Amino acid sequence: MLEAIKVSRARFITFEGGEGVGKSTQVKRLLQNLQRNAIEAVCTREPGGTPKAEAVRSFILQGRSESWGAEAEAVLFAAARLDHVTQLIAPNLRNGIWVLSDRFHDSTRAYQGLAGSVNERLIDTLESLALDGHAPDLTIVLDMDPVAAFKRVAYRAIEDGLALTGDRFEKEELKWHIRLRDGFLAIARDNPGRCVVISAAQHEDALEAAIWLVVSERFPELLGGSQA
Ligand code: TYD
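Residues numbered from 1 in each chain as written. Predicted model: local features only at pLDDT ≥ 70, side-chain atom pairs only at ≥ 80, totals over all residues. Heavy atoms only, no water.

*Asks:* Whenever I open this one, the sheet that holds strand S3 (residues 98–102) confuses me. Can you help?
*Replies:* Sheets are built from strands that pair by backbone hydrogen bonding, the pairs being arranged parallel or antiparallel. Taking strand neighbours across the sheet as the criterion, the five strands line up as S2-S3-S1-S4-S5 in an open arrangement whose pairing is parallel. In the strand order of this sheet, the two ends are held by strand S2 (41–45) and strand S5 (195–199), each with one partner. Each neighbouring strand pair of the sheet contributes to a mean axis angle of 20 degrees, computed without reference to strand direction. Looking at chain direction, strand S4 (residues 138–143) and S5 are connected through five bridges and run parallel. Its bridge partner being in S5, Ile-140 is matched across the sheet by Val-196. (Pairing = 2+ DSSP bridges. Helix = DSSP H or I, 4+ residues; strand = E, 2+ residues; numbered from the N terminus. Axes fitted to C-alpha atoms, helices over the stretch in contact; angles between N-to-C directions.)

*Asks:* What exactly am I supposed to notice about the nonpolar core here?
*Replies:* One recurring pattern in soluble globular proteins: nonpolar side chains tend to sit buried together. Formed by 35 residues in total, the largest nonpolar core has its most connected members in Ile-13, Leu-34, Trp-98, Ile-140, Leu-142 and Val-215. Of all elements in the fold, only strand S1 (12–17), helix H1 (23–36), helix H3 (70–94), S3, S4, S5 and helix H8 (204–218) reach the threshold of two or more residues within this core. Not counting chain neighbours up to four residues away, the residues in contact with Val-215 comprise Ile-13, Leu-30, Leu-138, Ile-140 and Leu-222. Leu-61, Leu-76, Ile-187 and Ala-188 belong to the second largest nonpolar core, which has 19 residues in total. (Core = buried A, V, L, I, M, F, W, Y, C linked by side-chain atoms within 4.5 Å. Buried < 20%, exposed > 50% of the residue type's maximum accessible area, 1.4 Å probe, protein only. Contact = heavy atoms within 4.5 Å.)

*Asks:* Quick question: what am I supposed to make of H3 here?
*Replies:* Residues three or four positions apart in an α-helix share a direction because the helix packs 3.6 residues into each turn. Over its 25 residues, H3 extends 34 Å from the first C-alpha to the last, a length consistent with the 36 Å expected when each residue adds 1.5 Å. The largest bend in H3 is about 45 degrees, located at Val-85. Looking one or two places after H3, you find Gly-96, whose phi comes out positive at around 80 degrees. (Expected span 1.5 Å × (residues − 1). Bend = angle between axes of the 7 residues up to and from the residue.)

*Asks:* Explanation requested: the site of the ligand in the structure shown.
*Replies:* Contacts to the ligand come from 15 residues, most closely from Glu-19, Lys-23, Arg-103, Thr-108 and Gln-112. Side-chain polar atom of Glu-19 to an oxygen atom of the ligand: 2.6 Å apart, as the coordinates give it. Between Gln-112 and the ligand, the recorded distance is 2.8 Å, taken from a side-chain N or O atom to a nitrogen atom. Surface burial for the ligand is 89%, taken as the share of its 540 Å² of free accessible area covered by protein chains. Elements supplying a minimum of two residues to the shell around the ligand: helix H2 (51–61), H3 and helix H4 (105–114). Here the shell around the ligand takes four residues from H4, the largest share from any one element. Across the shell around the ligand, the residue classes break down as five nonpolar, three polar and seven charged. (Near = heavy atom within 4 Å. Polar contact = N/O pair within 3.5 Å; in protein donor to acceptor, adjacent residues only side chain to side chain. Areas by Shrake-Rupley, 256 points an atom, 1.4 Å probe, with all protein chains shown as cover. Nonpolar A, V, L, I, M, F, W, Y, C, P; charged D, E, K, R; others polar.)

In short, shape yes, function no, at least from these values alone.
What follows is the structure, given as structure tokens:
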């Protein structure tokens, strides 16, 4: 009897990983797959997602906060996230709309914490402040060797006729990118119930199928199964 009146709630899914692993493409593809299954969903990104958070994004990615230090940058990312959560993520979930985010809180832990120099206590504090109880239901960590990922970014830039300039974080050296990758893997190990690591070193169609398999198994209500 209870089963019949169960209403499936909207889910919050985040995509994480280092530079050039192909998150943006896969976020859009998952959106299309959800819509094909009659699920209302929106895509967003971090830093950004709301006008205030986008302003913080430009400030940081243009390198204007670099001289402020890693701690202050972590605080800026958290301030942008708080606005993103309260103005976009929470209202959509409340209205039954699924939210897919290209990066979220794990990026602060990986970039500023594990690959950077910000201590864990500050990261934990900022995380609980900014999330306001809205932890993702599922986090897809796209994993790839940073050298291969860099080649992919360079190849795409050449194809698109763009110069390889690099923003604030793309300019970091290889050792740092390796620490970053290890950081994301460590986060996934520490959060096995929430995170799933998928190799990004595969064709984007195969990666899309791998992600859809994970999502539809995690949330069987999508395909008409009973809710987890
Ligand atoms: P973006 O161009 O969106 O990069 P990507 O396509 O790799 O997501 O730029 C976002 C950059 O900001 C990226 O280098 C990761 C970094 N970042 C942090 O350092 N901390 C954070 O909390 C977030 C959300 C992003």
